[in-house]
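Structural features, examined
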Amino acid sequence: QVQLVESGGRLVQAGGSLRLSCAASGRTFSSYAMGWFRQAPGKEREFVAAITWRGSSTVYADSVKGRFTISRDNAKNTVYLQMNSLKPEDTAVYYCAGPMLWATMTVADFGSWGQGTQVTVSS
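Everything numeric in this text was worked out from a predicted model, so none of it was measured.

1. Brief notes about unusual backbone geometry
In this model, Gly98 is joined to Pro99 through a cis peptide bond whose omega is 0°. Among the structural elements, Pro99 can be located in strand β9 (residues 92-101). Positioned with a positive phi, Asn77 is a non-glycine residue whose angle comes to about 55°. By secondary structure assignment, the location of Asn77 is in the loop between β7 (68-73) and β8 (78-83). Not every positive phi belongs to a glycine, and Met105 is a case in point at roughly 55°. Tracing the chain through its elements places Met105 in the loop between β9 and β10 (106-113). With relative accessibility at 15%, the residue Met105 sits in the buried group.

So this is what it looks like as C-alpha coordinates:
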(Lines give C-alpha, C1' and ligand atoms only; values in the text may rest on other atoms or scores of the structure.)
Protein backbone atom coordinates (compact mmCIF):
# COMPACT_ATOMS: atom_id res chain seq x y z
CA GLN A 1 0.00 0.00 0.00
CA VAL A 2 1.19 3.49 -0.83
CA GLN A 3 1.83 5.84 2.10
CA LEU A 4 1.26 9.55 1.54
CA VAL A 5 2.58 12.56 3.45
CA GLU A 6 1.42 16.09 2.62
CA SER A 7 3.31 19.28 3.39
CA GLY A 8 3.32 22.96 2.52
CA GLY A 9 0.16 24.19 4.18
CA ARG A 10 0.29 27.42 6.18
CA LEU A 11 -1.40 30.74 6.80
CA VAL A 12 -1.43 33.01 3.75
CA GLN A 13 -3.19 36.25 2.82
CA ALA A 14 -5.92 36.35 0.22
CA GLY A 15 -4.46 36.67 -3.25
CA GLY A 16 -1.33 34.79 -2.25
CA SER A 17 0.09 31.49 -3.44
CA LEU A 18 1.10 28.18 -1.92
CA ARG A 19 2.49 24.92 -3.26
CA LEU A 20 1.48 21.74 -1.51
CA SER A 21 3.53 18.57 -1.85
CA CYS A 22 2.52 14.95 -1.37
CA ALA A 23 5.40 12.51 -0.94
CA ALA A 24 4.56 8.89 -1.64
CA SER A 25 6.27 5.70 -0.69
CA GLY A 26 5.76 2.49 -2.60
CA ARG A 27 6.81 1.27 -6.00
CA THR A 28 3.29 1.40 -7.44
CA PHE A 29 2.91 5.19 -7.01
CA SER A 30 3.99 6.00 -10.55
CA SER A 31 1.24 3.79 -11.98
CA TYR A 32 -1.56 5.53 -10.05
CA ALA A 33 -3.74 8.46 -10.94
CA MET A 34 -3.59 10.76 -7.91
CA GLY A 35 -5.83 13.42 -6.48
CA TRP A 36 -6.18 16.27 -4.03
CA PHE A 37 -9.21 16.76 -1.82
CA ARG A 38 -10.05 19.30 0.87
CA GLN A 39 -12.31 19.59 3.87
CA ALA A 40 -13.35 22.88 5.38
CA PRO A 41 -14.68 23.16 8.94
CA GLY A 42 -18.24 21.91 9.15
CA LYS A 43 -18.26 20.74 5.54
CA GLU A 44 -17.85 17.44 3.76
CA ARG A 45 -14.60 16.56 2.07
CA GLU A 46 -14.62 17.62 -1.58
CA PHE A 47 -12.64 16.85 -4.70
CA VAL A 48 -10.12 19.48 -5.80
CA ALA A 49 -7.96 18.08 -8.60
CA ALA A 50 -6.63 14.87 -10.14
CA ILE A 51 -3.84 13.83 -12.47
CA THR A 52 -3.25 10.66 -14.50
CA TRP A 53 -0.28 8.43 -13.83
CA ARG A 54 1.77 9.97 -16.64
CA GLY A 55 0.58 13.48 -15.94
CA SER A 56 -0.93 13.74 -19.40
CA SER A 57 -4.44 14.60 -18.20
CA THR A 58 -5.78 16.67 -15.32
CA VAL A 59 -9.22 17.47 -13.91
CA TYR A 60 -10.23 20.30 -11.59
CA ALA A 61 -13.21 21.26 -9.50
CA ASP A 62 -14.96 24.31 -10.93
CA SER A 63 -14.17 26.26 -7.78
CA VAL A 64 -10.41 26.06 -8.36
CA LYS A 65 -10.19 25.91 -12.15
CA GLY A 66 -7.79 28.51 -13.50
CA ARG A 67 -6.23 29.10 -10.07
CA PHE A 68 -4.85 25.69 -9.02
CA THR A 69 -2.50 23.40 -10.94
CA ILE A 70 -1.82 19.76 -10.14
CA SER A 71 1.41 18.17 -11.29
CA ARG A 72 3.62 15.21 -10.46
CA ASP A 73 7.21 14.06 -10.59
CA ASN A 74 7.26 10.26 -10.68
CA ALA A 75 11.04 10.20 -10.31
CA LYS A 76 10.56 11.88 -6.93
CA ASN A 77 7.34 10.04 -6.05
CA THR A 78 5.68 13.39 -5.44
CA VAL A 79 2.45 15.08 -6.42
CA TYR A 80 2.09 18.86 -6.20
CA LEU A 81 -0.77 21.34 -5.96
CA GLN A 82 0.16 24.88 -6.95
CA MET A 83 -2.49 27.24 -5.57
CA ASN A 84 -2.63 30.83 -6.82
CA SER A 85 -5.03 33.70 -6.19
CA LEU A 86 -6.08 32.11 -2.94
CA LYS A 87 -9.40 33.08 -1.40
CA PRO A 88 -10.67 32.77 2.19
CA GLU A 89 -13.05 30.06 0.99
CA ASP A 90 -10.02 27.93 0.07
CA THR A 91 -9.33 27.53 3.79
CA ALA A 92 -9.39 23.79 4.55
CA VAL A 93 -7.35 20.74 5.35
CA TYR A 94 -5.95 19.45 2.06
CA TYR A 95 -5.50 15.73 1.50
CA CYS A 96 -3.61 13.78 -1.10
CA ALA A 97 -5.08 10.42 -2.12
CA GLY A 98 -4.88 7.65 -4.67
CA PRO A 99 -5.31 5.77 -6.78
CA MET A 100 -8.11 7.77 -8.34
CA LEU A 101 -10.96 6.12 -10.22
CA TRP A 102 -11.04 8.38 -13.24
CA ALA A 103 -14.67 7.75 -14.17
CA THR A 104 -15.98 8.90 -10.79
CA MET A 105 -13.16 11.10 -9.44
CA THR A 106 -13.18 9.09 -6.24
CA VAL A 107 -10.47 7.11 -4.49
CA ALA A 108 -10.34 3.35 -4.88
CA ASP A 109 -11.51 1.35 -1.87
CA PHE A 110 -8.01 -0.03 -1.42
CA GLY A 111 -6.49 3.40 -1.84
CA SER A 112 -4.48 5.57 0.53
CA TRP A 113 -4.99 8.99 2.11
CA GLY A 114 -2.45 11.30 3.64
CA GLN A 115 -2.89 12.89 7.05
CA GLY A 116 -3.68 16.29 5.57
CA THR A 117 -2.09 19.72 5.66
CA GLN A 118 -3.86 22.88 6.87
CA VAL A 119 -4.25 25.82 4.53
CA THR A 120 -5.65 29.01 6.02
CA VAL A 121 -6.35 32.04 3.86
CA SER A 122 -6.91 35.31 5.68
CA SER A 123 -8.97 38.13 4.20
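2. Quick word on the side chain of Thr78
One can find Thr78 in strand β8. Discounting residues that sit within four places of it in the chain, Thr78 has contacts with Ser21, Cys22, Ala23, Phe29, Ser71, Arg72 and Asp73.

3. A look at the nonpolar core
Counting 37 residues, the largest nonpolar core has Trp36, Leu81, Met83 and Tyr94 as its most contacted members. For this core, the secondary-structure elements that each account for two or more residues are β3 (18-25), β4 (34-39), β5 (46-51), β7, β8, β9 and β11 (117-122).

4. Some points on the sheet that holds β8
Pairing within the open sheet is antiparallel, and its four strands lie in the order β1-β3-β8-β7. Of all strands in the sheet, those with a lone pairing partner are β1 (3-7) and β7, marking the two edges. Put simply, the sheet's adjacent strands are angled 15° from each other on average, direction ignored. As paired elements, β3 and β8 share six bridges and run antiparallel to each other. For Arg19, the partnering residue across the bridge sits in β8 and is Gln82.

5. A short note on the state of the cysteines
A complete count under the given rule lists one disulfide for this structure. A sulfur-sulfur separation of 2.1 Å characterises the disulfide bridge that pairs Cys22 with Cys96. Across the disulfide from Cys22 to Cys96, rotation about the S-S bond amounts to roughly -75°, and the bridge is consequently left-handed. Here Cys22 is found in strand β3, whereas its partner Cys96 is found in strand β9, with 74 residues between them in sequence. Take Cys22: its relative accessible area is 0%, and that puts it in the buried class.

6. A few points about the pattern of salt bridges
Applying the stated criterion to the full structure yields four salt bridges. Note that Asp90 is salt-bridged to Arg38, the shortest N-O span being 2.9 Å. Of this pair, Asp90 sits in the loop between β8 and β9 while Arg38 sits in strand β4, placing them 52 residues apart in sequence. Its relative accessible area of 0% is what places Asp90 among the buried residues. Since its relative accessible area comes to 6%, Arg38 is described here as buried.

What counts and what doesn't
Residues numbered from 1 in each chain as written. Predicted model: local features only at pLDDT ≥ 70, side-chain atom pairs only at ≥ 80, totals over all residues. Heavy atoms only, no water. Helix = DSSP H or I, 4+ residues; strand = E, 2+ residues; numbered from the N terminus. Buried < 20%, exposed > 50% of the residue type's maximum accessible area, 1.4 Å probe, protein only. Contact = heavy atoms within 4.5 Å. Core = buried A, V, L, I, M, F, W, Y, C linked by side-chain atoms within 4.5 Å. Pairing = 2+ DSSP bridges. Axes fitted to C-alpha atoms, helices over the stretch in contact; angles between N-to-C directions. Disulfide = S-S within 2.5 Å. Salt bridge = Lys/Arg side-chain N within 4 Å of Asp/Glu carboxyl O.

Worth remembering: the numbers are spatial, not functional.
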